[in-house]
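# Structural features, examined
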Amino acid sequence: MINTIDILNYIKDSLLFKKIYFYKNIGSTNTRCFKIQNKNNFIVLAEKQTRGRGRYDRKWVSPAGKNLYFSLLVREPHIEYNKLCILTALAALETLTKYSTGIRLKWPNDIIYKNKKVCGILIERKFTGSKLDFTVIGIGINVSADFSRIPDLKKTAISLTDIIKGHDSRPSEIKQGTAGKKEINSEKILLDFLKLFERYYLHFPDMEVRITAKWAGKIAQKNEPIRFRIRDNVITGKFKKVNPDGSIVIETGGKENSYGFGEII
Ligand code: BTN
């Protein structure tokens, strides 16, 4: 379970977030952010979500106490949407990479291990007319849920615990649990992520070029044939590269096209 004291200490020193709201059971941390009246940047963290949401209106399975479910509400619009996706994905990737090699990015911001998702990011925005009021960055990290028992998810989702069980990891990051099994500390993962996110966020745009280059270097499937869904169309082509603005370049029939959004399927 999450040790709130360390998180409250982090908030006390944070230059970005002023408050954290904890919930035992909630519909969705992203949805809750839209309802909380608070003029500052804040965090919503839940032990369980009953209506966890993923991208493209998908459901995000959120069992109690197994994984991390949290959302960050930020008000300053100094970072454009694409770049926010990039910096969030990089902070999550670098946090999880401490536990295992082989964790990669699936364009634009899924964190995967052998093509199974270990962390998903859902970024939503609230506008009044054309003015951006705030952005909500929702992050779900599969820490210890056992997806092998969930038929719909066993081929597409994996937890950090399951990655480590079968893979090379850095022992210094793994605590010996009371049952004698390797146990991952969710609170440390959360704090590591928040500190990295805060650093990247506050130092943007100074770090923009470096962050984008690091992110681009970790994207999987480059130079491979891919199927790409954009709105209702599916394109088959070769994933050539990512542009400096984060868009993907796909070659189809000898022609290269860039796409700023869409999904590799
Ligand atoms: C995706 O990969 O489709 C994005 C998944 C995002 C899930 C997180 S869990 C915390 C936050 N609250 C939600 O309802 N969704 C995000």
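Refer to the structure presented above.
To start, this report covers the structure provided alongside it. (Residues numbered from 1 in each chain as written. Predicted model: local features only at pLDDT ≥ 70, side-chain atom pairs only at ≥ 80, totals over all residues. Heavy atoms only, no water.)

### Quick notes on the site of the ligand
- In the region of the ligand, 19 residues are neighbours, and Ser28, Gln49, Arg53, Arg55 and Lys117 sit closest.
- Here a nitrogen atom of the ligand sits 3.0 Å away from a polar atom, N or O, in the side chain of Thr29.
- If the ligand stood free it would expose 410 Å²; the protein chains cover 99% of that surface.
- The set of elements that each furnish at least two residues to the shell around the ligand consists of helix H2 (29–35), strand E3 (68–74), strand E6 (116–128) and strand E7 (131–141). (Near = heavy atom within 4 Å. Polar contact = N/O pair within 3.5 Å; in protein donor to acceptor, adjacent residues only side chain to side chain. Areas by Shrake-Rupley, 256 points an atom, 1.4 Å probe, with all protein chains shown as cover. Helix = DSSP H or I, 4+ residues; strand = E, 2+ residues; numbered from the N terminus.)

### Let's talk about the pairing of E7
- Taking burial as the measure, the eleven residues of E7 include ten buried ones, the bulk of the element.
- In the sheet, E3 pairs with E7 via seven bridges, with the strands oriented antiparallel. Within E7, the position partnered with Leu72 by the bridge is Ile137.
- Relative to E7, E6 runs antiparallel, the two sharing ten bridges. Counted as the bridge partner of Glu124 is Val136 from E7. (Buried < 20%, exposed > 50% of the residue type's maximum accessible area, 1.4 Å probe, protein only. Pairing = 2+ DSSP bridges.)

### Side note on unusual backbone geometry
- Residues Trp107 and Pro108 are joined by a peptide bond in cis, for which omega reads 0 degrees.
- Secondary-structure assignment places Pro108 in the loop between strand E4 (103–106) and strand E5 (110–113).
- Residue Pro205 is bonded to the preceding Phe204 through a cis peptide linkage, with omega at 5 degrees.
- For Pro205, the location among the structural elements is in the loop between helix H5 (186–202) and helix H6 (208–217).
- At Gln221, a position not held by glycine, the phi torsion is positive, near 75 degrees.

### A few points about the pattern of salt bridges
- One pass over the full model with this rule turns up 15 salt bridges.
- Glu263 is the partner of Arg58 in a salt bridge, and the nearest nitrogen-oxygen pair spans 2.8 Å. Linking Arg58 in the loop between strand E2 (42–46) and E3 with Glu263 in strand E14 (residues 263–264), this pair joins segments that are 205 residues apart in sequence.
- Linking Asp162 and Lys165 is a salt bridge whose minimum nitrogen-to-oxygen distance equals 3.3 Å. With a gap of three residues between them, Asp162 and Lys165 both fall in helix H4 (residues 160–165), about one helical turn apart.
- The class for Asp162 is partly exposed, based on a relative accessible area of 25%. (Salt bridge = Lys/Arg side-chain N within 4 Å of Asp/Glu carboxyl O.)

### Some details on the sheet that holds E14
- Taking strand neighbours across the sheet as the criterion, the five strands line up as E13-E12-E11-E10-E14 in an open arrangement whose pairing is antiparallel. Since the sheet does not close on itself, it has two edges, and those belong to strand E13 (255–259) and E14, each with one partner.

### A word on the packing of helix H1 (residues 4–13) against H5
- Two numbers describe how H1 lies on H5: the axes approach to 10 Å, and their chain directions differ by 10 degrees. On the basis of their axis angle, the class for H1 and H5 is roughly parallel. For the pair H1 and H5, contact is made by Asp6, Ile7 and Tyr10 and by Glu187, Leu190, Leu191, Leu194, Lys195 and Glu198, respectively.
- A per-class count over the contact of H1 with H5 returns five nonpolar, no polar and four charged. (Axes fitted to C-alpha atoms, helices over the stretch in contact; angles between N-to-C directions. Parallel < 35°, antiparallel > 145°, perpendicular 65-115°, else oblique. Contact = heavy atoms within 4.5 Å. Nonpolar A, V, L, I, M, F, W, Y, C, P; charged D, E, K, R; others polar.)

### Topic: the packing of aromatic side chains
- Evaluated as defined, the whole model comprises eight aromatic pairs.
- Aromatic pair Phe228 and Tyr259: ring centres 5.3 Å apart, planes at 45 degrees, arrangement tilted. Here Phe228, found in strand E10 (residues 225–230), pairs with Tyr259, found in strand E13; they are 31 residues apart in sequence, far enough to count as distant.
- The class for Tyr259 is buried, based on a relative accessible area of 15%. (Phe/Tyr/Trp six-rings, centres within 6.5 Å; stacked < 30°, edge-to-face > 60°.)

### A few points about the side chain of Lys106
- Residue position: Lys106 is located in strand E4.
- No salt bridge is formed by the buried Lys106; the nearest opposite charge belongs to Asp110, separated by 5.2 Å.
- Those residues in contact with Lys106, other than ones at most four positions away along the chain, are Ile112, Asn115, Gln221 and Ile264. (Lys, Arg positive; Asp, Glu negative; His and termini not counted.)

### A word on the pairing of strand E11 (residues 233–242)
- Judged from the six bridges that link them, E10 and E11 form a sheet pairing that is antiparallel. Across the sheet, residue Ile230 finds its bridge partner in E11, namely Asn233.
- Adjacent in sequence and paired antiparallel, E11 and strand E12 (residues 248–252) are bridged by five residues, among which Gly246 carries a positive phi angle near 95 degrees.

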